[in-house]
Amino acid sequence: MFLKTASNVKIGLNRRRFLCVWNRSLSVLGRESVRDLASKDGELRVFIVAGEVSGDIIASRFMNSLRKLSPCPVRFTGVGGLMMAQQGLDTLFPMEDIAVMGIWELLPHLTKFRLRLKQTVESALTFQPHVVLTVDSKGFSFRFLKHLRARYGPQGLATPQHFHYVAPSFWAWRGGESRLKGLMGFVDHLFCILPFEAQICRSNGLAATFVGHPTLEDVFDLKNNKCMDRDWKVQGDGEEFRKKYGVPSGSKIISVLPGSRLQEVTRMLPIYARTLELIKDSFSELTVVIHVAPNKHVQDYISDTVRKWPVPVVLVPGGSTCTKYNAFSASQIALCTSGTVAVEMQLARLPCVVAYRAHILTEWFIRYKAKVPYISLPNIVLDSPIIPETLFEACTPPQLAPVLLELMHDESLRQQQITAANKFLSLLDPRQKVDADSTHNPFFEYTPSVVAASAVLSSTMGTSV
């Protein structure tokens, strides 16, 4: 009991010290912080919006950290998914209604998109938040923040602080940096997940904080399950996974991660099925583990589709971080649709191949506007094709199959990815940017969500103009 109490006291002291550091660095003379204004009102009101599964996870962790750090009760409302619901959010409507990615892909959903946008703006105005936080999904998020900011002045409302978590990938597009200044009218502060983003944002007049990559928090989710190492590595229990799902000990396992949005899953999963049919005879036994995003539409589609697959399939439902990494540990390689999962592969030290297809016009736009040669984050950050990528018209079963087989059979290629993961993950570590006076217990304290929540509490409120 004494040890537990002493530990809690130490943690509390660390949090207070951390908040003091952020207060010194972010406060503005003569203006009250969000924390102080919330204390006067007896509660902190936060309107929060996430539009896809990865954003739902980020937002739920932020909600948890903010509650722990806030000196007063926190009340949330907004739009989110299952993870945010576990933190007490009663979403205005299903998050899937705005989970659309791409330019041409949005067109069939435009009417519903506009209705949900209007509904979200009106709800935020009624709620009168101290803070508005949007997470990724910039197509919806930026339109929402822009419409909301435009409504404050005419209605004479106090202006809440607008935060956006996951800075837009301005560095990936021609002319992207020049568009940062356009965000100043409706975004007050950006939370950046890559180490080079914050300084560029600040040089363009936008307040920004490097918080670290949110996927790193998977390590802390698994802390109590004894699945984690202390250098950004997650080691699951592969044998436990095989026993739980009845996978024979001699069977090779390939993890397949088809995406979290229905539009990308319906596009990618048939390609993966035909690819696996081409390679199945190369193994005496092969089992495919499909990681299913916590999205009802995706769950229903995958459950129906895999009945016709050419190899034995195990479906792993989203929501359990430990089960996910147990599956990764049991796998030899992974086949991923481009996205956050590439970072998860690095944490698990699981070699992978990244694939991606989109609407033909979206693919043309990407080719025309992109200024980076890669699509997966590890390759972009390291500026090296460590992870094989099969993209656009090259993403076909006949071209994807030999890439998978080469990675499966070539130990040196797999080891190259594992070695590169150490460097990649060290660059995403938020501890490298924390004030030296507050880093005596960094690994426990300074997670991306804690850094973001601390910055929110220390921010200063504006007034309508």
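First, a word on what this report is: a plain description of the structure on this page. Quantities reported herein were computed from a predicted structural model and do not represent experimental measurements.

Turning next to the overall build of the protein. Helix and strand content of the protein: 19 helices and 14 strands. The buried share of the protein, reckoned over its 465 residues, is 55%. The long-range fraction of contacts in the protein, counting pairs at least 24 apart against all pairs at least 6 apart in sequence, stands at 73%. Of the accessible surface of the protein, which amounts to about 20,300 Å², a share of 54% is contributed by carbon and sulfur atoms.

Let us look at the pairing of strand 9 (residues 252-257). Counting buried positions over the six residues of strand 9 gives five, a clear majority of the element. In this structure, strand 9 lies alongside strand 10 (residues 286-292), joined through five bridges in parallel fashion. When the bridges of strand 10 are listed, Ile-254 appears paired with Val-288. Since strand 9 and strand 10 lie parallel, the crossover through helix 10 (residues 262-279) that links them has a hand, and here it is right-handed. Relative to strand 12 (residues 333-337), strand 9 runs parallel, the two being bridged by four bridges. Among the inter-strand pairings, Val-256 is bridged to a residue of strand 12, identified as Leu-335.

Take unusual backbone geometry next. Look at Gln-128: it is not a glycine, yet its phi comes out positive at around 50°. If you trace the backbone, Gln-128 turns up in the loop between helix 5 (110-127) and strand 3 (131-135). Look at Gln-128 and you get partly exposed, because its relative accessible area is 47%. Of note, Asp-383 is a non-glycine position whose phi angle comes to about 50°, a positive value. As for its position among the elements, Asp-383 is in the loop between helix 15 (377-382) and strand 14 (389-391). On the accessibility criterion, Asp-383 (59% relative accessible area) is exposed.

Here we take up the packing of helix 3 (residues 53-69) against helix 19 (residues 448-458). The packing of two helices is summarised by the inter-axis angle and the distance between the axes. Where helix 3 meets helix 19, the axes come as close as 8 Å, and the angle between the chain directions of the two elements is 55°. It follows that helix 3 is oblique to helix 19 by the angle criterion. Between helix 3 and helix 19 the crossing geometry is right-handed. Together, Arg-61, Phe-62, Ser-65, Leu-66 and Leu-69 of helix 3 and Ser-449, Val-450, Ala-452, Ala-453, Ser-454, Val-456 and Leu-457 of helix 19 make up the contact between the two elements. Looking at side-chain class alone, the contact of helix 3 with helix 19 contains eight nonpolar, three polar and one charged residues.

Within the element layout of this structure, Ala-167 appears in the loop between strand 4 (161-165) and strand 5 (189-192). With relative accessibility at 7%, the residue Ala-167 sits in the buried group. Counting along the chain gives 43 residues from Ala-167 to Phe-210, while the straight-line C-alpha distance between them is 9.7 Å. Apart from residues no more than four positions distant in its own chain, Ala-167 is found in contact with Leu-190, Phe-191, Cys-192 and Glu-197.

Quick look at the sheet that holds strand 11 (residues 313-317) now. Overall, parallel pairing links the six strands, which are arranged 11-10-9-12-13-14 in an open sheet. Two strands in the sheet have a free side with no partner beyond their single neighbour: strand 11 and strand 14. Sheet twist, expressed as the mean angle between neighbouring strand axes with direction ignored, is 20°. Here four bridges tie strand 12 to strand 13 (residues 352-356), and the two strands are oriented parallel to one another. When the sheet's bridge partners are listed, Leu-335 is paired in strand 13 with Val-353. Here helix 16 (residues 397-409) sits on the sheet in contact with strand 9, strand 12, strand 13 and strand 14, set at roughly 165° to strand 13.

Within this structure, the stated rule accounts for 17 salt bridges. Measuring nitrogen to oxygen at the nearest pair gives 2.9 Å for the salt bridge that ties Lys-296 to Asp-300. Placement of the pair is Lys-296 and Asp-300 together in helix 11 (residues 296-305), with a separation of four residues, close to one helical turn. When salt bridges with common partners are traced through the structure, they connect Asp-41, Glu-43, Arg-45 and Arg-75 into a single cluster.

Between its first and last C-alpha, helix 3 extends 25 Å over 17 residues, near the 24 Å set by a 1.5 Å rise per residue. Here helix 3 lies mainly inside the structure; 13 of its 17 residues are buried.

Cut-offs and rules
- Residues numbered from 1 in each chain as written.
- Predicted model: local features only at pLDDT ≥ 70, side-chain atom pairs only at ≥ 80, totals over all residues.
- Heavy atoms only, no water.
- Helix = DSSP H or I, 4+ residues; strand = E, 2+ residues; numbered from the N terminus.
- Buried < 20%, exposed > 50% of the residue type's maximum accessible area, 1.4 Å probe, protein only.
- Contact = heavy atoms within 4.5 Å.
- Areas by Shrake-Rupley, 256 points an atom, 1.4 Å probe, with all protein chains shown as cover.
- Pairing = 2+ DSSP bridges.
- Right-handed = clockwise from strand over helix to strand, strands pointing away.
- Axes fitted to C-alpha atoms, helices over the stretch in contact; angles between N-to-C directions.
- Parallel < 35°, antiparallel > 145°, perpendicular 65-115°, else oblique.
- Left-handed = near helix turned anticlockwise from the far one by under 90°.
- Nonpolar A, V, L, I, M, F, W, Y, C, P; charged D, E, K, R; others polar.
- Salt bridge = Lys/Arg side-chain N within 4 Å of Asp/Glu carboxyl O.
- Expected span 1.5 Å × (residues − 1).

Honestly, it's all geometry; don't read function into it.
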